[in-house]
Structure formats: C-alpha cells, structure tokens
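So you can see what is in the structure, the chains are spelled out below.
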Amino acid sequence: MNRNGSNGGSAARSLALYAAYVLLAVAILIYILAFFAGNTGIAINGGAINEERNSITIALSEEPPQLDSTRSTDAVSFVVLAHTMEGLIAYDQNDQLTPGAAERWEIRDDGATFWIREEATWSDGQPVTAHDFEFAWKRVLDPDTAAQYAFILYPIKNAEAVNQGDLPKEMLGVRAVTDLVLEVDFERPTPYFDKLVAFNTYFPLREDFFESTNGRYGADAAMLLSNGPYILTEWVHGASMVWEKNPYYWNSEKGLLDEIVTAYITNDANANLNLFKDGQIVQTGLTAPMLPTAMEQRWQIDRFMDGTLFFLEFNHREDRVTDNLNFRKALYFAQDPSELVYKVLKEASYLPAESLFPIWIQGLQGAFRKEYPLPKHSLDLEKAREYLDLARQELGLEDFPPIILLTGDSSLSLLAAEYYQELYKKNLGLELRIDAQIFKQRLAKMTSGDFDIVMAGWGPDYFDALTFGDLFASWNLNNRGRYQSEEMDNLVRTAQSELDPQKRMDAFGSIQELINSDVVIIPMYERGVSFVVDPRLKGFKRRSVGPQVDYNYAYIDSSQN
Amino acid sequence: MFLFGFKRLLQGVVTVWFIATATFFAMHNVPGDPLLNERAGSEAIKANLESKYGLDQPLSTQYFIYLRNLSRGDFGISFTQENREVNDIIREHFPVSAILGILAIVFAATGGVLFGALTALYRNRLPDYIIMILVILGISVPSFVIAAMSQLMLVGINNMAGSTILPVAGWGTILHMLVPALVLGLGTMAYLTRLMRSSMLEIIGSDYIRTAKSKGVPPPRIFAKHQLRNAILPVVTVLGPSIAAITTGGFVVELVFAIPGLGRYFVQAVQQLDYTVIMGTTVFYGAFLVFMVILVDILYGFIDPRVRLEK
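Given the structure is predicted, the values throughout are model-derived calculations rather than measurements. (Residues numbered from 1 in each chain as written. Chains lettered and ligands numbered in written order. Predicted model: local features only at pLDDT ≥ 70, side-chain atom pairs only at ≥ 80, totals over all residues. Heavy atoms only, no water.)

**Structural notes on the overall build of chain A**
So, step 1. What chain A contains, in helices and strands, is 17 helices and 22 strands.
So, step 2. A principal-axis box enclosing the C-alpha atoms of chain A has dimensions of 95 × 80 × 50 Å.
So, step 3. Across chain A, contacts joining residues at least 24 apart in sequence account for 68% of those joining residues at least 6 apart.
So, step 4. Carbon together with sulfur atoms contributes 48% to the accessible area of chain A, which is approximately 23200 Å² in total.
So, step 5. Here chain A holds 50 positive side-chain charges and 80 negative ones, and the gap between their average locations is 5 Å. (Helix = DSSP H or I, 4+ residues; strand = E, 2+ residues; numbered from the N terminus. Contact = heavy atoms within 4.5 Å. Areas by Shrake-Rupley, 256 points an atom, 1.4 Å probe, with all protein chains shown as cover. Lys, Arg positive; Asp, Glu negative; His and termini not counted. Charge placed at Lys NZ, Arg CZ, Asp CG, Glu CD.)

**Brief notes about the environment of A:Lys445**
Residue and element names in this part refer to chain A.
So, step 1. With respect to the element layout, Lys445 can be found in helix α14 (residues 439-448).
So, step 2. In sequence terms Lys445 and Arg480 are 35 residues apart; their C-alpha atoms lie 9.4 Å from each other.
So, step 3. A distance of 2.7 Å separates a polar atom in the side chain of Lys445 from a polar atom in the side chain of Asp435. (Polar contact = N/O pair within 3.5 Å; in protein donor to acceptor, adjacent residues only side chain to side chain.)

**Overview of the layout of surface pockets**
So, step 1. Roughly 910 Å³ of internal volume is contained in the second largest pocket.
So, step 2. Forming the walls of the second largest pocket are 37 residues, and the residues nearest its centre are B:Lys52, B:Tyr53, B:Gly76, B:Ile77 and B:Phe79.
So, step 3. If you list the elements that add at least two residues to the lining of the second largest pocket, you get α3 (130-141) of chain A together with α1 (2-29), α2 (43-53), α3 (59-71) and α12 (275-303) of chain B.
So, step 4. Sort the elements by how many residues they give to the lining of the second largest pocket and α3(B) lands first, with four residues.
So, step 5. A per-class count over the lining of the second largest pocket returns 14 nonpolar, eleven polar and twelve charged. (1 Å grid on protein atoms, 1.4 Å probe; cavity = no way out; pocket = protein on both sides within 12 Å on 5 of 7 lines; lining within 4 Å. Points joined across faces, edges and corners; volume = space filled by probe spheres on them. Nonpolar A, V, L, I, M, F, W, Y, C, P; charged D, E, K, R; others polar.)

**A few points about the packing of helix α4 (residues 86-121) of chain B against helix α5 (residues 126-140) of chain B**
All names here are of chain B.
So, step 1. At a minimum axis distance of 8 Å, the contact between α4 and α5 shows a crossing angle of 140°. The angle between α4 and α5 places the two elements in the oblique class. Relative to α5, α4 is oriented so that their crossing is left-handed. Taken together, the residues of α5 that come into contact with α4 (itself represented by Phe115, Leu118 and Thr119) are Asp128, Ile131 and Met132.
So, step 2. Residue classes in the contact of α4 with α5 are distributed as four nonpolar, one polar and one charged. (Axes fitted to C-alpha atoms, helices over the stretch in contact; angles between N-to-C directions. Parallel < 35°, antiparallel > 145°, perpendicular 65-115°, else oblique. Left-handed = near helix turned anticlockwise from the far one by under 90°.)

**Considering the sheet that holds strand β11 (residues 259-265) of chain A**
Residues and elements named next belong to chain A.
So, step 1. An order of β1-β2-β11-β10-β9 is seen for the five strands of this open sheet, with the pairing classed as mixed. Looking along the sheet, the strands with just one partner apiece sit at the ends: β1 (49-50) and β9 (230-236).
So, step 2. For strand β2 (residues 55-60) and β11, the ladder comprises six bridges, and the chain directions are parallel. The residue bridging Ala59 from the neighbouring strand is Tyr264, located in β11.
So, step 3. Packing against the sheet, helix α2 (residues 75-84) makes contact with β2, β9 and β10 (240-245), and its axis sits at approximately 25° to β10. (Pairing = 2+ DSSP bridges.)

**Some remarks on the interface of chain A and chain B**
So, step 1. Counting residues at the interface gives 73 residues for chain A, matched by 70 residues for chain B.
So, step 2. In this assembly, chain A packs against chain B so that about 6100 Å² is buried in total across both faces, 60% of it on carbon and sulfur atoms.
So, step 3. Per-residue buried area on chain A facing chain B is highest for A:Leu15, A:Gln148 and A:Lys440; these three make up 11% of the total on that side.
So, step 4. At the junction of chain A and chain B, the tally comes to one salt bridge.
So, step 5. The tally of links between chain A and chain B comes to five residue pairs in polar contact (both at pLDDT 80 or more).
So, step 6. Those elements that provide at least two residues to the side of chain A that touches chain B are α1 (2-38), β11, α7 (269-277), α14 and β17 (453-458) of chain A.
So, step 7. Partitioning the side of chain A that touches chain B into residue classes produces 38 nonpolar, 26 polar and nine charged. (Buried area = accessible area lost by both parts, 1.4 Å probe. Salt bridge = Lys/Arg side-chain N within 4 Å of Asp/Glu carboxyl O.)

**Looking at the nonpolar core**
Residues and elements named next belong to chain A.
So, step 1. Ranked by size, the top nonpolar core spans 151 residues in total, and within it Trp137 and Phe193 carry the most contacts.
So, step 2. Taken together, domain 2 (46-282 + 534-561) and domain 3 (305-528) each give at least three residues to this core, which thus spans both.
So, step 3. Sequence-distant contacts of Phe193, that is, excluding residues within four places in its chain, are made with Ile107, Ala112, Phe114, Trp137, Ile156, Val184, Phe186 and Tyr202.
So, step 4. If you look at the next biggest cluster of nonpolar residues, it comprises 36 residues, including Ile403, Ala416, Met524 and Tyr525. (Core = buried A, V, L, I, M, F, W, Y, C linked by side-chain atoms within 4.5 Å. Buried < 20%, exposed > 50% of the residue type's maximum accessible area, 1.4 Å probe, protein only. Domains from an automatic or database assignment.)

**Thoughts on the UniProt feature "domain: ABC transmembrane type-1" (unreviewed entry) in chain B**
So, step 1. The residues that UniProt annotates with the feature "domain: ABC transmembrane type-1" (unreviewed entry) are residues 94-300 of chain B.
So, step 2. With 84% helix and 0% strand, residues 94-300 of chain B has end C-alpha atoms that lie 26 Å from one another. (UniProt positions renumbered as here; feature names shortened; annotations may be inferred.)

**Quick notes on the domain arrangement of chain A**
So, step 1. If you check the domain split of chain A, you get domain 1 (3-40), domain 2 (46-282 + 534-561) and domain 3 (305-528).
So, step 2. For domain 1 of chain A versus domain 3 of chain A, the distance between C-alpha centres works out to 64 Å.

**Things to note about the pattern of salt bridges**
Residues and elements named next belong to chain A.
So, step 1. Taken as a whole and judged by the stated rule, the model has 33 salt bridges over all chains.
So, step 2. Here Asp389 makes a salt bridge to Arg392, at a shortest N to O gap of 3.0 Å. Residue Asp389 and its partner Arg392 are both found in helix α12 (residues 381-395); the two are separated by three residues, about one turn of the helix.
So, step 3. Exposure remark for Arg392: the relative accessible area of 27% places this residue in the partly exposed category.
So, step 4. Salt-bridge contacts for Arg536 lead to Asp534; the nearest nitrogen and oxygen are separated by 3.0 Å.
So, step 5. Among the residues examined, Arg536 registers a relative accessible area of 22% and is labelled partly exposed.
So, step 6. Since its relative accessible area comes to 9%, Asp534 is described here as buried.
So, step 7. Three or more residues joined by partner-sharing salt bridges are found here, namely Asp95, Lys541, Arg543 and Asp550.

Here it is, written out as structure tokens:
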C-alpha cells in the first residue's frame, strides 16, 4: 500500500514535470499562431463608442455579398451601400424624399429631368456627373451584367427590350444632356419615379473607374468608388470593415461620425446580444426570448416595423381546390391573425396583418390604412362552415383532399404552419399537409405552382403603395399563385400610370378591397423588430424601406455620460 | 518507404476524384434552383444568369468543364459573392480555421494526454472520478451550448472586472483565440482523455511492465519510458482525422464568436445552393482529410517500427 502510494507520487511528479514542459511549448506555439492570426484579421477593441475618435463599432449579420450597386440584391449589401453611395434622390430621417446627388428634378408624364448638384463629388475628388448615372443604368440593363434587379428600371423607355437583348444599349431612354443634366424617357407614365431612383440599383457608377477594376468592381475596399457620406477604407473579408467619413461629401447633415467600424460579422442573435452587453457594439436586435434579459438590464427597448408583410398565398391555378372562392372564404373566416401573433408566435414587435398594405404605407395626407379603412375582420365559424359547404357543392366533392401548405424551414414558420394545421383541422375538419422546404426549394416550388397554400413574405423596394399594389397583376412574376383578374389588372395599370394623385390612391383603395373580397391572400402578420441602442448614440434609424439600419444621421451625444 | 508513400498518395488522388464526382452529381440533384431569388426575374434575366454561370449547358458538359478546371486548381466564382473567386475564399478563410483548429488540437492533445495519464495514475480515486465526469460532459454536451455558455461567462467576467479582459467575440489577437479554441477542442480532449486512460490501464497489466518492475527499474522511469510512450500510440493514430475534423467542423464556434473561418462559408453555401463554393470547399476539405490520414500513416511508420516491417 505504502509502496504503491510512493509509486503514484513520484510518477505524478514526473507527470507534472512533463506537463510543465508541454505547457511551455504550448505557450510558445500560441504566440506563433497569434502572429499568423494577426495577418488574417484586424484587432479591434475600441468599445461600442469612442468619443475621442468620434467613432462607433457595429456588427453586421453577414459579409456583404455584392457591393457593385448595379448587381446587389441583399439586405446587408444595401446597408453598406446606403452609407457609401447616394442616388439622385434620398430619404431623410422622416422617410420623406430629400435631394441627393440631384438638387432638383421634374417628373412629367413622358419622362423626367434631373439637375445634378455641382458640389456632388466622388471620393477621389472628381465631380459626379449625369454620365455616371447613364453608364450605371445601361450597365444594369445590359444582358451580360445579368442584374437580378434589372426589372426595377423597366419604367425607362426600351429598358425591357434592352435587357432581353432585343435592342442595343444605346436605345435606352436615358441620356446625359450636359454634365449636370440627366434626361429620362418613360415607357409609360411613371408618377412614382422619384421614389424609384432612391433605390440601390439606380446608384451611379463612374465608367473610367469601373473599367480600371477589370471586372472586380466592389470586390475589395480599393475596388470601390463612393459618392455617399462614408468611404469603405478597410475590408478584411468575413471579419471586419472600416467606413470613414468621406471628406468630399457635400451634405453636412449626413455622415456626422468620423468612423464606423464593423468589427463583427455574425448572424448569431445571442452573440450580438453578448457583444452589446459587453459594451462592444452600439445596437442589437432582440428576439422574444431575450426580452426578459433586456428588461432586467433596464434597457430602453425600441420597436419598429421592418416593412415586411407575411401572408398565406393561395394557388389560383385551375386544377387546385384553392381556385374556388368559397373555399378560400371558408379558410379566411375560420382564422384570426391576432391569435397567431399574440398566442402562438408571441413576438412582441409583430403586428397582426389585416391588409395587403402594411400600416406604415402613406396615403395622400396621412396613413393609407386610415384613409382607406377595411371592415374589421373577426373569426366567424358559422360563416366559414357555410362557405365550405358551398365550396363542396360547387366542386362536387364529398371530402376535400389534403391541402398542401408550403412553408420555409425556420422554427417560426414551422410554428405558424403547425398552428394552421391544428386550426383548420379543429374548425373546418380539413387536413393540411405541411411541406417545409429550404428557401431556394420553396421558391422553386412556388414558381412551378407545386402547392395549395404557401406562407409567403413580401418586403418593399420603394416608398410607394405600388411596391405592394402591383403584386397580383397577372403579368407580375412574383404573383406565384397565378391570381388572374381583369379588374385587378386594370386597377394596377391605373395605379402605375395615373397622374392625378387622388385617382391613383383610389385605385390602391380598390386593390385592397378586391384582395380582401376575392381572398387572394390571407394576411398573417407584419414583421417588427425589437432592438436596443446605446443611449449615447443619437440619430440612429431603422427603416421599413431602404437600408434596415441607417447611421447616416447618427452622432454621439456626450452629455449622456 | 517511398513506394509506400507513393501508393498511398495515388489512392488519395482517386479518393478526391471520387469525392468531387459524388458531390457534383449529388449537388445538381438537390431540389431547388441556385439562381432563384425572392424577386422573380423575367425569363430574360434568368437566361442571362444561366449563361453567365454555364448552367445552360448539359450536365455532362458541365461535369467535364468542371473536372478540367479542377485539375488546374480553379474552382470558379461564387454564386452569392459574385466578385470573389472560390480560391480566394479558401485562401483567405482557411488559414483562420487552421489556426483555430491547430490551437484547439494542441489544447485537446495536451489536455487529453495529461488528464488521461492522471486518471490512470489515480484510478478509482477522487481525481479520476472528477475528470471522468467532466469527460462525459465534454463528450455529450453539444458545442453550440458550450460556446454560448462560455461566451455568456466571458460577458460576466468582463462586467465584474469592469473592463474587457477577454474579448467576447471577434478575431485578430491571441486573446480572441483562447476561449474559442478551448471550446472547439473540448470534445476531442474528452475523447482523447478516455482513450489515453484505457490505453494506460491496458499497459499497466502487460508483461514488459512487470518485467521492468522485477528488474528494479525505478517507478518514474517505468512510467515515463514504458507506460506513457506506449500509451500515446493510439492517441497519435486518431490525431490525424481529429485535426481534419476540428479544422473543418468549427462552423458553430466560428458563428458564435464571429470568427472569419471557412466553416461558415461551407455551411452557408449549402443553404444557399452556391454550387461553386459547395464544390470548392467540399473538395478542398476532402483532400485535406485524405492528406491528414496519409500523413499519419507515414508518421506512424516512424514512431512504430513494426508498421514499416509489415509493408
């Protein structure tokens, strides 16, 4: 026993000696590795707000995939571009149109003219000219560019034909008359063109710089030219970015910070929350499970509608049960979106949806939904069952076949899908089959019509009711349920081209009513975000349209210390 | 020895070709269209994209074009990060994963061997029990839980200290690496501890240890020369595949700690059906794994002469 003990003891001593050697070796190795790591990232430990440098630190949810404004399609690239670029017209802090690179403009029924301001300057000191817009727009529509957002330029004369390769680029209805005057011809009257040009795809691009990048425009910090409040000066892919104030930028009301550092790229919501708690980033979004923590910390929680509407879209193709109006009405009256939002999803910032047009859409004077109110919807099981009987008779069916509900694979969409499955089983005795798919496959099935009902979402591109209003026109490719109605097509045409604002808005009112009475969709919810901002940062804005987060007007308020 | 190495290398090339071919056809049979986007494009826009990426060619043609480019080491351009080459993505992000992985494996190996030897030494006594409970935890708790909890702990430590002692996330300095590497290596460390323990115990009862004892060799010498060295062999065997597994499997840790490694691109590419990145990362990781296995085979020959003799 004694012998064994001493055996163990001296062996332990030699093990400890080995351990000491090994730890020393590990320590040396760590330093060698740290040296190499230094070459693959920039070390940033400035904290969320650095008053001395007039700088803030933020996180992005992913690496911006495409900073060539003529080709980008995703929210993160839009956020970066909203700080480094400026279109002819921009949105101010109250989401009102405000002059951007153009100091004034005129929109006629056959075209538009933009007068570009003399002080508009690129980040290399050269002036922004009308040629830069002409070049960018022609590049968007060039078939070789293969821009996915090309369609948003289709109101310009010959745009669609150029994009399809039927006409040469030179035939596009845009030309720089002088360096400072841009002339645009329309394919059809486009009274909302001022709102369109604020969109990313309409941003300028300077030909000589673009050519000098040899097809790598937007790939690196040095491969970008900016005309917005900030310049991208450092970019370590996947790791970090630095946006510095653009010394040549003309508007003293924007770009108030000297530096914005994107030190973290992760879409892990908890990681973002931890970074915020540790004082490393200035703002972060909060999901429902995080709200108790946020309350404990006594943070001031802000809420905002992110602009996106979610809805059940029916398949209106003829061979589907969902083509039957009474069937759709039965489904409509057997549900209540407030139950979905308040009792099932329980996301505090979400809003039960009532209409195709979200609450933040503007009407003539005030909110569209105040000017064109819909009758209040409430659950009515009796009515729902009557409609279902009618549908049964019309379709000549004893029993309804299982209804395919196509949905995404996120936990939230699965939760909602299971709720509808249970609801329609209980209220109408219908069987719903959930078909959960990854994003790309859901889109493929939506496009080919392989569903009865799909849980779909739509976010706005520009600040006009038409961004939702034209969704169910028979020619709209996003109308994946193939809803077809002459009345709808006529209303959308009016909404697109009518120059009298009152008549145009009335058309949107009628579209809303038609969607409702024809039960083209069942609105589910309007998505919102809860978020928390460092109290020292003022002027930070989240937007429903345009960049989701906007630091262009943000500044540090030192009195908050 | 050289012939042996050459043969293994040839086998490796065939394996990589097989991986490349299987991935290519599997990927093209995954439902969904990589070029579809939320905003439905017209037929013209879609045709423009398809011809840009060569997807309008028949599949067999695409396969041969792909093989030809692969033999030149050219993986093409990413579908989602449209102005980055897949080669650039691998070149910029694999070193990050590799550094993190090496550190993790160093932690895992040193910890595994030390703790394993310790548990064997103190078999069925308190240190053994404590370490073995931790080992079971380390093996069974998934890394995203450990990652999230350790990050939360870092926030707590920093808040208590009133300043940032260890950064919560990010990349660039030695301090950024320590906790993520530890979290990443924890599972392997637990596995190696168990392996080392059983291997040590097996050897304690063997004939040559008894012979050494009867010859009067001092116990520390027996422990160091005979026990430890022989027990380490199985650990070295699993080290190769472990290095590959750790270096390629850091997706969760990379995401939680906002580390710009390759694992993130690997997983996101699959979600977004980014064909070129899927192909590039899979083939690259496959080749890396095959290379590590071959390397261990060859190293094994140096450590254990018997392996060489058998060939």
